[in-house]
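# Remarks on the overall topology
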Amino acid sequence: MSATTATARARELLGVSSLTNRALTGWLHGLPGVDQVGADARAAALGTRSIKTSSKAWAIDLAISMIDLTTLEGADTVGKVRSLCAKAAQPDLRFPDTPRVAAVCVYNDMVGIAKEALEGTDINVAAVSTAFPSGRASMKVKLLDTKDAVDAGADEIDMVIDRGAFLSGDYRKVFDEIVAVKAACERPEGQENAHLKVIMETGELVTYDNVRRASWLSMLAGADFIKTSTGKIQPAATLPVTMLMLEAVRDWRELTGDMVGVKPAGGIKTTKDAMKYLVTVNEVAGEDWLDPDWFRFGASSLLGDLQLQRQKLTTGVYTGTNDVTID
Amino acid sequence: MSPRFDYAPAPESTSVVDIADSYDLFIDGEFHAPSSGEYLTTINPATEEALSSVAVGNDADVDLAVKAARRAYTRVWGRMSGAERAKYIYRIARILAERSREFAVLESLDNGKPIKESRDVDIPIASAHFFYYAGWADKLEYAGLGTSPTSMGVVGQVIPWNFPMLMLAWKVAPALAAGNTVVLKPAETTPLTALLFADVCRQAELPPGVVNIVTGAGDTGAAVVSHPDVDKVAFTGSTAVGKAIARSVAGSRKSLTLELGGKAANIVFDDAPIDQAVEGIVNGIFFNQGHVCCAGSRLLVQESIAEEVLQRLQRRMSTLRVGDPMDKNTDVGAINSREQLDRITELTAAGEAEGATRWSPECTLPERGFWFAPTVFSDVSQSHRIAQEEIFGPVLSVLTFRTPAEAVAKANNTTYGLSAGIWTEKGSRILWMADHLQAGVVWANTFNRFDPTSPFGGYKESGFGREGGRHGLAAYLKTEGDN
C-alpha cells in the first residue's frame, strides 16, 4: 500500500477531508476507554482456564508453530544465529513430529546468515529494524535500515514506533513513519512484500488507554501485525496488554473486514504462560486468530519448555532440561 | 491441526469430601436425632443424585437449640472477654482457609455452582469474614457505635441457598464477635456445608451451644424466628418470606434485620469502558447462575450505544461454558432446584409473551440435572414482568435510556433497592448517580464485589439492616439508646 493510498484510506475511515493531527487525536481519543482494574481482572480470569490432556497437546504444538525464535543480543555471532536456525527447523531430534517454529527473529545484519541457514525450509526470517530497540534515529536512517533488511531477504520487518512522538501527542508523525516503513517493505512486482510488525513498546506507553490508541493507530497506518515489546524494556508482554491488542484487532475486523495479527514478545517463558495467551486469543479475538499467520510469540526460551512439556505428554515422564537442546 | 480449542474436561476431584448417609441436628456441640424422626434428602442439582439425608428440626428441636444457645450465652460466651472470643473466631477463620478445598467441593456438589466460584469466591470470602470480625471482637467500643456496646443474647438466623457458606459467615462471624450465641437454619436444598461447619466449630473447640445448626425447611425456619427466647432475628432470602417474618416479629422485643430480593440496574453510559462494561454485565447477571440477590438483572444502556453493547454482550455470552459445576472451566453451573428452574422458565415465557426479544447462545445442556442457558431479553419495557420481578436466574433484561435523569428514574422505578452499577469514565457522573440511586450498594465500573469491610444491605423491599463492615456489627449489638 503506497503512502497516498494509506492516507486516503485513513481519511475515509475517519470521515475527514484532511488527515491532520487533530483529526487523528479526535478519532483515537474517541475510542472507548479502558478500565485498568477491570481489564486486569478479566485477563486474570482468562489465566485460570485449566488446559489438560488432548487440548494441552494440541495447544503445545500450536504454540511451537507460532514462535518467532529470537536472538537480539549485541553479542550475537554468526555461529549463534546458525545454531538458532538449526533449532528452528528441527526443534526436537528425538521427536521429529514436533512442529517447526514460524520464524527466526534477528538483528538486521544477521538476516543474510539466517536466510542462508533456513534455505529450503518455509521458516520466515524476521528482522528488527528502524533503529531497534529505541527507534531514536532520523527517518532517513530508519528507512535505510528497513531497506537493508528487505534487500537481504527478510520476510518480516519488526519496526518500533516513535514512543516520544506518541506520548507527546504527535500521532500524525507516528502514522507517517509506519506508512513510510510499510512502503519500504515493498518488493518489485512478483515478489512478496515483507510483512510489517509494528512494535508499540507498551511498557513505555504505560497506560492501557495508550495501548489501545497505539494499536488502532498502527492498524490505521497499515500494520500487518501489532507487537507489544522489544524485549529490552520492562514490563514487556503482559497478558492484559495482549488482551487489549486482541480486542483491538477483533474490533478492527468488525470495522474494516481486515485481519491484523498480534505478537506478544518478551518474558513469555513457560508452557503455562503460553497456554494463557492462547486461551486469551481464543476467547477474546476468536479462533480465527489461532494460527501462526495471525498470532506469534516473540520468545527465546519458550520453545525449550514447550518441548519438555511435549515430551512429558508423549512419554509420561518428565525429564530434565538436558533432554532438549539449548540452541 | 484444526483451528479449534476445545478445553478437555478438567474435573476437580471429589475425593476430599466425605459425605455421611445422614446428618442430625447440631445442638450444644453434639449431633442429635430430630424429635420428629423426619429427614429430607438433599440432592446434587447437576445430576439429581441424592447426596445425603438431613434431619428436619421441629419446634421441640429448635427449643433445645435455643436453650443450649441461652446457656452458652449466659455461662460462657456472653461473659468471655473480647480478646478471648477473638481467639476462637480466628481459629475458625484459619480452619476454613485450611479446609477450603473440602468446603468448595462440597458447596459445588450441594449447590450446583461452578467449582471456580466456590473455590475462588465463596470460601475465601467466608474465611475473610471470620478473620475480619475476629479483629473487632476486642475493639467493640471503638467501632463508633457508642462507648459500651453490649451483645444482644441469642440470635436466630435463617439463610438462603444461593451462597450457603458465605451467608453463614456473614451471619455467624459478626454475631459471635459481638458476643452473641447463634441458632442457624440453613436452606433445605443446601445444608451440607453448614453441617461441615459444625465440624469446624468442634475442631476449633468452640464452647458447646455457641453455634447451633438446625436443619429443615420453612417450618423449621419459622420455629427459629418465632421462638420467644430469641433476642434477634436475621434473615436473608425472598421478600415474601421476609414480609412474613417481619409480621411475626412485629410487637415482640426482638430486633430484626432482613436482606431480601433485588432487581438491580446495571447502568452503562456511552462513554463507558466498553469491554470492561460487558464483562461487568456478564459478571453481574451470570455469576452464580444469577442466583444473586444483588444481581445486575436489568441492564440500562444509553440508547446511542445499545445496539453495540448488545452485540458485544452476545458475542461474549457465546464464550460462556455451561455445564458440570465440578469442571474447573465451567462458567455457569446448575440451577439449584427444580422449583427454581420452573420459576425461571415461567418468567422467561412471560417475557416472550409480553413481546420482549429473547436470545441465548448455542450451548448443549446436560440431560440430567437442572439447567438453564444464559439468556438475554432486549426490547424490554419497565412494565414487563421480566423488568419488575426478581427472576433469580441467568436472565438479563435490557432497557435503554437517553439521559442520566432518565437512567435514575428507571433504575429507581422498582419495589427493590439492593444494588446498582454505573459504567462511565466520568467521575462526577458516578458521584451524582450514586447520590440519586436508591440502592444499598452502588458499584462504579465493577459489579458483584464483596468484601468483609464493606457494608451490604437494602432499601425498600430489599430489606433493612447492614451486613459487613462496622455497620454489620451494629446489627448484633445493643448500643446507647437501645433498651
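Above this text sits the structure in question.
Model, not experiment: these values are computed from the prediction. Throughout this description, residue numbers start from 1 for each chain and increase along the sequence as written. The lettering of chains begins at A and the numbering of ligands begins at 1, in the order of writing. With pLDDT at 70 or above as the cut-off, local features in this predicted model cover only qualifying residues; side-chain atom pairs require 80 or more to be listed or tallied, and sums for whole chains, interfaces and linings still use all residues. Heavy atoms throughout the structure, all of them, feed into the side-chain values; hydrogens and water do not.

Let's shift gears to the environment of Val249(B). Residues and elements named next belong to chain B. Runs of E in the DSSP output that reach at least two residues are strands. Runs of H or I that reach at least four are helices, and both are numbered from the N terminus. As for its placement among the helices and strands, Val-249 is situated in helix α8 (residues 239-249). Along the sequence, Val-249 and His-227 sit 22 residues apart, while their C-alpha atoms lie 9.8 Å from each other. Excluding residues within four positions of it along the chain, Val-249 makes contact with Val-225, Val-233, Lys-254 and Leu-256. We call two residues in contact whenever any of their non-hydrogen atoms come within 4.5 Å of each other.

The next point concerns the sheet that holds strand β4 (residues 39-44) of chain B. Residue and element names in this part refer to chain B. As summarised here, the arrangement of the three strands in space is β1-β5-β4, forming an open sheet in which the pairing is mixed. If you trace the sheet from one side to the other, it starts and ends with β1 (22-23) and β4, each paired once. The rule for pairing is simple: two strands pair if DSSP sees at least two bridges between them. In the sheet, β1 pairs with strand β5 (residues 49-55) via two bridges, with the strands oriented parallel. Bridging from a neighbouring strand, Tyr-23 pairs with Val-54 of β5. Axes, fitted as lines to C-alpha atoms, cover a helix only where it is in contact. Angles between the N-to-C directions of the axes lie from 0 to 180 degrees. Sheet contacts for helix α3 (residues 100-111): β4 and β5; angle to β4, the most-contacted strand, approximately 100°.

A few words now on the pairing of strand β15 (residues 375-378) of chain B. All names here are of chain B. A simple rule labels every residue: compare its accessible area, found with a 1.4 Å probe on the protein chains alone, to the largest value its type can have, and call it buried under 20%, exposed over 50%, or partly exposed in between. Burial along β15 is two-sided: Thr-375 and Phe-377 and Val-376 and Ser-378, pointing in opposite directions, are all buried. Summarising the sheet, strand β14 (residues 357-359) and β15 pair through three bridges and their orientation is antiparallel. Bridge pairing in β15 links Thr-357 to Ser-378. Note: β15 against strand β16 (residues 395-401), three bridges, orientation parallel.

Here the bond from Phe132(A) into Pro133(A) is cis, since omega is 0°, no more than 30 degrees from zero. Relative to the assigned elements, Pro133(A) resides in the loop between β3 (124-128) and α7 (139-151). With an omega of -10°, the peptide bond between Gln234(A) and Pro235(A) qualifies as cis. Along the chain, the position of Pro235(A) falls in the loop between β6 (225-227) and α12 (239-256). Phi angles above zero are rare outside glycine, and Asn445(B) is one such case at about 55°. Locating Asn445(B) in the fold gives a position in the loop between β18 (441-444) and β19 (463-464).

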